[in-house]
Amino acid sequence: MGKTHSSLLISVSTRLNDQACENVQERAEWHYTDFVLSPEDGGSDGKALACGPAQCFIVSCETQPEGWRHPSFTGPAGGTAAATGKNEYDLLVIGGGSGGLACAKEAAQFGRKVAVLDYVEPSPQGTKWGLGGTCVNVGCIPKKLMHQAALLGSALKDAQHYGWNIAQPVHHTWSVMAQAVQNYVKSLNWGHRVQLQDKKVKYFNLKGSFSDSHTIRGLTKAGKETIVTAENIVIATGGRPKYPTHVAGALEYGITSDDLFWLKESPGKTLVVGASYVSLECAGFLTGIGLDTTVMMRSIPLRGFDQQMASLVTEHMESYGTKFLKRCFPTTVEKLENNRLQVTWKNTDLGTEETDSFDTVMWAVGRAPDTETLNLETVGVKTNSETGKIIVDASEATSVPHIYAVGDITEGRPELTPTAIAAGKLLAQRLFGQSSELMDYDNVPTTVFTPLEYGCVGLSEEAAVQCYGSDNIEVYHAYYKPLEFTVAERDASQCYMKMVCLREREQRILGLHFIGPNAGEVIQGFALGIKCGATYPQLMKTIGIHPTCAEEITKLHITKRSGLDATVTGC
Amino acid sequence: WEEKQVRGYPEFVQTGRSAHGRPIFALFCGDKDAEGRSWCPDCVTAEPVVRKELHNMPDESVFIYCLVGDRAYWKDPNNEFRKNLKLTGVPTLLKYGTPQKLVEEECFKAELVRMLFTED
């Protein structure tokens, strides 16, 4: 049931709520000059609409095609009709990842006409994937599943101490894990497709670029063009892994995280280049499943994170079996006859050049936005000249009216799924839901899923010192031993936590840092406290749950300032 | 495209094997009585919706219409469909060998059924 009118599809329904009626009313006027309203609707020719609580529109048209009688206006329940006069959609989202999908689905809830463009440019190695963005396909989800696979390997080793008869050593088959993970990811791709369809969000598998500030040109892989116009546009195209620029063979022979999770065969002996959490997390689970793994770092690990915690993370990885090439950077990658890769690098500490061969070289040297193909210059959307990311204000607006951006593509924002989702939802609520709430990027908790996990919320110790001065902060800390490690005879040297507080009367908690098993689960709850402005005295009044690792946070009492031994013993 | 009607898990597996190499779509429904009505009311609703969209399947497709068994069999948490095919409800419409499936009320929606038949 629909009729095209000047290239706009006007479709039809019988279930509209008040809000939707208003929407239709303001937008439908534009169409109604060509339509005649049947008198039984209480309407008059050309303009007025009857929109009563019966929620049923009946419109008749003078120049209707044969057999087309009474179309009704459609949309989702509570839904809408055609979009504003000159633009096809109320909202067009470019990028079907965490931020983009959240924004689109939220806007659709308000009865708006929404479309999503999603397109995955294959990686240089040819890897591609479905709807859902980085997190679902080549980020958080497969990462956490493979991290879990590695943890299970350790658990199997521990199990002996607890009485299980498991033949050691235990072996891991990459292809079984990979297939299971890949199948799960594909089910998520499908789930997103179903959700979009269900919420009446139009999905285009096209690569989008700007023609003008309300027009997007979408291209299929074959180059077929589709033009889409929208009142509001949200850019949520995220980022892709960077390749090093001055290393011969980097592009031809190396892979990135885009490829790692989709490998059908084991990567074998692997060199991971980079000091980011991507590098450490991947190297961590590769080690955990039994592969010979090396991390090459040019300088400090986990730049931007608390450096004391970052050192403990890498220390643990080293004792766990990951090899580290510190203060080294690669110079060339060559392919050998047996298909192995010969990597040469400079050791800046010793001033020497070294070399070794690997089955796989993975680059984890940073991520960059893919803004070049968007044609942002044509419409004047400003980007940061250094990072290429889109500059946005506190309301996610770009330099061009009606064009917004959310997620990894935006300058100065955390590159995290939950912040992209929250920002996308709030943006939709501000655009279509009469909300004025802005996204709060303060005290966003996060976790690095290395073999020994590191979770944190709030300021690092360095940032707190810089902000308030070391005299004005108090750092409480403790080395602890998870109960589960005792029987399993596991080394807990890096199990550590610290809390950075203001020293003055209230002693507000500025930052909390925890290394240990299930760090993400531990920190999540405390993030609420920090958001509410929790203080050290309030924390001390909080009773711990016993026996857990998290309870040690409620018992923190030794300060760095005191110089006392921070090792706490169990009960 | 062609349709094959089967009843029970072994028949389903055998038919699936014989169609190897072609896209296979399967609709699982509860058994029908002598009057042709299923004990599963959602299956009664879904079947005509699905049948109306069959023409959207790729040409070489095989559509397997599979009756799973009586209500008691279906309720058994260890029945072969639940165990081996991981079905969680009837009706289920799925594209065999992929994670793409529609369960229960999802099967009532023509656009979702069409999407399952046409998407990659």
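All values reported here derive from a predicted model rather than from experimental measurement. (Residues numbered from 1 in each chain as written. Chains lettered and ligands numbered in written order. Predicted model: local features only at pLDDT ≥ 70, side-chain atom pairs only at ≥ 80, totals over all residues. Heavy atoms only, no water.)

A. Region of the structure containing the overall build of chain B. Helix and strand counts for chain B stand at five helices and five strands. Taken against the 2.2 N^0.38 rule, which gives 14 Å for 120 residues, the C-alpha radius of gyration of chain B at 13 Å falls within 12% of a compact globule. The principal-axis extent of the C-alpha atoms belonging to chain B is close to 35 × 30 × 25 Å. Expressed as a percentage of the 120 residues in chain B, the buried residues total 47%. Expressed as a percentage of contacts within chain B between residues at least 6 apart in sequence, the contacts between residues at least 24 apart total 63%. Total accessible area on chain B stands at roughly 6200 Å², and carbon and sulfur atoms take up 48% of it. (Helix = DSSP H or I, 4+ residues; strand = E, 2+ residues; numbered from the N terminus. Rg over C-alpha atoms; globule rule 2.2 N^0.38 Å. Buried < 20%, exposed > 50% of the residue type's maximum accessible area, 1.4 Å probe, protein only. Contact = heavy atoms within 4.5 Å. Areas by Shrake-Rupley, 256 points an atom, 1.4 Å probe, with all protein chains shown as cover.)

B. Spatial organisation of the pattern of salt bridges. Residue and element names in this part refer to chain A. Following the criterion strictly, the structure yields 32 salt bridges over all chains and no others. Across the salt bridge formed by glutamate 318 and lysine 326, the nearest N and O atoms sit 3.1 Å from each other. The class for glutamate 318 is partly exposed, based on a relative accessible area of 37%. Owing to a relative accessible area of 39%, lysine 326 belongs among the partly exposed residues under this scheme. Put simply, aspartate 359 and arginine 340 hold a salt bridge, and the shortest N to O gap is 3.0 Å. Here arginine 340 lies in the loop between β14 (328-335) and β15 (341-347) and aspartate 359 lies in the loop between β16 (352-358) and β17 (360-363), a separation of 19 residues in the sequence. (Salt bridge = Lys/Arg side-chain N within 4 Å of Asp/Glu carboxyl O.)

C. Spotlight on the interface of chain A and chain B. Listed by partner, the interface residues are nine residues for chain A and 11 residues for chain B. A salt bridge links lysine 109 of chain B to aspartate 198 of chain A; its shortest N-O distance comes to 2.9 Å. Its residues assigned to classes, the side of chain A that touches chain B shows two nonpolar, three polar and four charged. (Nonpolar A, V, L, I, M, F, W, Y, C, P; charged D, E, K, R; others polar.)

D. Quick look at the sheet that holds strand β1 (residues 2-7) of chain B. All names here are of chain B. Strand order in the open sheet formed by five strands is β1-β3-β2-β4-β5, and the pairing between neighbours is mixed. The open sheet has two free edges, formed respectively by β1 and β5 (101-103), since each of these has just one partner strand. Recorded for the sheet is a direction-independent mean angle of 15 degrees between the axes of neighbouring strands. Relative to β5, strand β4 (residues 92-95) runs antiparallel, the two sharing three bridges. Each bridged residue has a counterpart across the sheet, and for threonine 92 the counterpart in β5 is valine 103. Contacts between helix α1 (residues 9-18) and the sheet are confined to β1, β2 (24-29) and β3 (62-67), with β1 contributing the most and set at about 155 degrees to the helix. Relative to β4, helix α5 (residues 110-118) is tilted by about 25 degrees, and along the sheet it contacts β2, β4 and β5. (Pairing = 2+ DSSP bridges. Axes fitted to C-alpha atoms, helices over the stretch in contact; angles between N-to-C directions.)

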